[in-house]
Amino acid sequence: MKPQFHSLQVLGTLLLGTLLLSSCETVIDTNIASAPTQLAVDAWLTDQPGEQQIRLTMTTNYFNNAVPTPVLSASVTVGDNTGRTFAFTDPDSDGVYTWKPATTRDTTRIGVIGRTYGLSISYKGDNYIAVSQMPRVPRIDSLTFTKEKITPIATEEGYRGQFYATDLPGAVDYYYVRFYRNEKLQNRPSDITLAYDGAFRGSSNTDGLMFIRPIRRSINPEKFFALNDTVRVELRSLTADGYLFWELLRGQLQNTGLFAQPPSNVPTNIRNQNTAGPAAVGYFMVSPVRTRTSVVSAENLRGNGS
């Protein structure tokens, strides 16, 4: 009789477990109250010639997947510490405010390394301001490729890119590395590459040294490049606050999985001069840009990519 009693006991335990699991099912209503909308500023100006853009939208609720509403009829200006002023307008009424030289022969550029810039946005009776400085940036010396397996155990192969640049000596420098594949920006959260003196924050002293290998090889899509792809690498410099903004934003964009933390807004340097008025989100920064473009071809292939 013992074996029979044991079987009944196990069956009873399973039934009890099933009932307990069933009783733990709870329907969660995610009907979260709507939060007030805020001005969202996407303003990253450079020292490159031609048109510059500042995008203004209104925030939406966290679970709202609709396209953000563009901000229309705002007054947007940018000035620097030498007295120059640039008016941005929205000719297409889509929330994208632009400035461009008056003529094709006009070589005026907004961004100049070392200068300080101020942004002013007037919208619905509120005036938002922000200040940023354009730091220095090194050149990209070269961009090469090696033919490698996609993974150590895979049979599929691709071409891994690697750029070479050397950190500027004498001070802490912050960088953002971007890359384009056939003129398309690669913008997965994992493609946000930040460098602190050409290395990772908290690593050994790398001031004035060549960028470390993981940073140099961060410019690759998931399955590497294909033969004849055109690859462009872009190196931008950041202020310390701009670096922190991107560091926190990257953390929020990669904040998924079992141990994800509650989402939150990252800090902003956009301030409403009316302290009792609505706040804004986003960031205003100015960066010099240095680029290097190469085609994945025989003349740009190297040995083992060391």
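Along every chain, residues carry numbers that run from 1 in the direction the sequence is written. Totals for whole chains, interfaces and linings use all residues, but because this is a predicted model, local features are given only for residues with pLDDT of at least 70 and pairs of side-chain atoms are given and counted only at 80 or more. The basis for the side-chain values is all heavy atoms of the structure; hydrogens and waters are excluded.

As a further point, take the overall build of the chain. Along the chain, the regular secondary structure elements total three helices and 16 strands. Looking at the 306 residues of the chain, the share that counts as buried comes to 38%. Within the chain, contacts between residues at least 6 apart in sequence are counted, and of these 67% link residues at least 24 apart. For the chain, the computed accessible surface area is about 18000 Å², with 55% contributed by carbon and sulfur atoms. A run of DSSP states H or I qualifies as a helix once it reaches four residues; a run of E qualifies as a strand once it reaches two. Both are numbered from the N-terminal end. Exposure is judged per residue with a 1.4 Å probe applied to protein chains only, and the accessible area is read against the type maximum: over 50% gives exposed, under 20% gives buried, and values in between give partly exposed. Residue contacts follow a heavy-atom distance rule, with two residues in contact if any of their heavy atoms lie within 4.5 Å. For every accessible area listed, the method is Shrake-Rupley and the probe measures 1.4 Å; residues are considered covered only by the protein chains on display.

What follows concerns the sheet that holds strand 14 (residues 271–272). Paired through their backbone hydrogen bonds, the strands of a sheet run either parallel or antiparallel. Pairing between strands is defined by DSSP: at least two bridges between the two strands are required. Read from one edge to the other, the open sheet built from five strands follows the order 4-3-6-7-14, with strand pairing classed as antiparallel. One side of each edge strand has no neighbouring strand; the edge strands of this open sheet are strand 4 (85–88) and strand 14. Summarising the sheet, strand 6 (residues 116–123) and strand 7 (residues 126–133) pair through eight bridges and their orientation is antiparallel. Counted as the bridge partner of Ile121 is Tyr128 from strand 7.

Across the sheet, which stays open at both edges, the four strands sit in the order 5-2-1-15 with mixed pairing between neighbours. Whereas interior strands pair on both sides, the edge strands pair on one side only; in this sheet they are strand 5 (96–99) and strand 15 (280–287). Neighbour-to-neighbour, the strand axes of the sheet open up by a mean angle of 10°, direction not taken into account. Note that strand 2 (residues 52–58) and strand 5 share four bridges and pair antiparallel. Bridging across to strand 5, Gln52 finds its partner in Trp99. Where helix 3 (residues 240–253) meets the sheet, its contacts fall on strand 1 (39–46) and strand 15, and the angle it forms with strand 15 comes to roughly 130°. An axis is simply a line fitted to the C-alpha atoms; with a helix, the fit covers only the stretch in contact. Between two such axes, the angle follows the N-to-C directions and lies from 0 to 180 degrees.

Attention now moves to the pairing of strand 6. Walk down a regular strand and you will see the side chains alternate between the two sheet faces. Burial along strand 6 is one-sided: the face carrying Tyr117, Leu119, Ile121 and Tyr123 is buried and the face carrying Thr116, Gly118, Ser120 and Ser122 is not. Relative to strand 6, strand 3 (residues 75–80) is paired through six bridges, and the arrangement is antiparallel. Across the sheet, the residue bridging to Asp80 is Tyr117, located in strand 6. Adjacent in sequence and paired antiparallel, strand 6 and strand 7 are bridged by two residues, among which Lys124 carries a positive phi angle near 50°.

Turning next to the pattern of salt bridges. When the charged atoms of two side chains with opposite charge come close together, those side chains can pair. A pairing counts as a salt bridge when a side-chain nitrogen of Lys or Arg comes within 4 Å of a carboxyl oxygen of Asp or Glu. For the structure shown, the criterion picks out 15 salt bridges. Lys147 is the partner of Glu157 in a salt bridge, and the nearest nitrogen-oxygen pair spans 3.7 Å. In this pair, Glu157 sits in strand 9 (residues 157–165) while Lys147 sits in strand 8 (residues 140–149), placing the two residues 10 residues apart along the sequence. One salt bridge connects Arg217 with Glu148, and the closest N-O pair in it is separated by 2.7 Å. Residue Arg217 is found in the loop between helix 2 (213–216) and strand 13 (230–238), and its partner Glu148 is found in strand 8; the two are separated by 69 residues along the sequence. Each member of the pair Arg217 and Glu148 is classed as buried.

With that settled, consider helix 3. Taking 1.5 Å of rise per residue, the 14 residues of helix 3 would be expected to cover 20 Å, and the 20 Å separating its terminal C-alpha atoms lies within 8% of that figure. Packing partners of the buried residues in helix 3 comprise strand 1, strand 10 (174–181), strand 12 (193–196), strand 13 and strand 15. Under the convention used throughout, the expected extent of a helix is 1.5 Å for every residue step, that is, one less than its residue count.

In this section: the nonpolar core. Buried together is how nonpolar side chains tend to be arranged in soluble globular proteins. Within this scheme, the nonpolar core is defined by two criteria: the residues are buried Ala, Val, Leu, Ile, Met, Phe, Trp, Tyr or Cys, and they are joined through side-chain atoms within 4.5 Å. The biggest cluster of nonpolar side chains holds 27 residues, and the ones touching the most others in it are Ile54, Leu56, Val76, Phe88, Leu119, Ile121 and Phe284. Non-local contacts of Leu119, meaning those with residues more than four positions away in its chain, are made with Val41, Ala43, Ile54, Val76, Thr77, Val78, Tyr128, Ile129, Ala130, Ile270 and Phe284.

Take the environment of Ser120 next. Note that Ser120 resides in strand 6. Throughout this description, a polar contact denotes any pair of N or O atoms lying within 3.5 Å of each other; where both atoms belong to protein, one of them has to be capable of donating a hydrogen while the other can accept it, and for residues adjacent in sequence the pair is counted only when both atoms sit in side chains. Within polar-contact distance, the side chain of Ser120 engages the side chain of Asn127 at 3.2 Å.

Take Ser264: it is sitting in the loop between helix 3 and strand 14. By relative accessible area, which is 45% here, Ser264 ends up partly exposed. Residues Ser264 and Leu248, spaced 16 residues apart in sequence, show a C-alpha to C-alpha distance of 9.8 Å.

Counting buried residues in strand 1 gives seven out of eight residues, a clear majority hidden from the surface. Summarising the sheet, strand 1 and strand 15 pair through eight bridges and their orientation is parallel. Bridging from a neighbouring strand, Asp42 pairs with Tyr283 of strand 15. Pairing of strand 1 with strand 2, which is carried by five bridges, proceeds in the antiparallel orientation. Opposite Asp42, over in strand 2, you have Arg55 as the bridge partner. Between strand 1 and strand 2, which pair antiparallel one after the other, the connecting turn spans five residues, and Gly50 there sits at a positive phi close to 90°.

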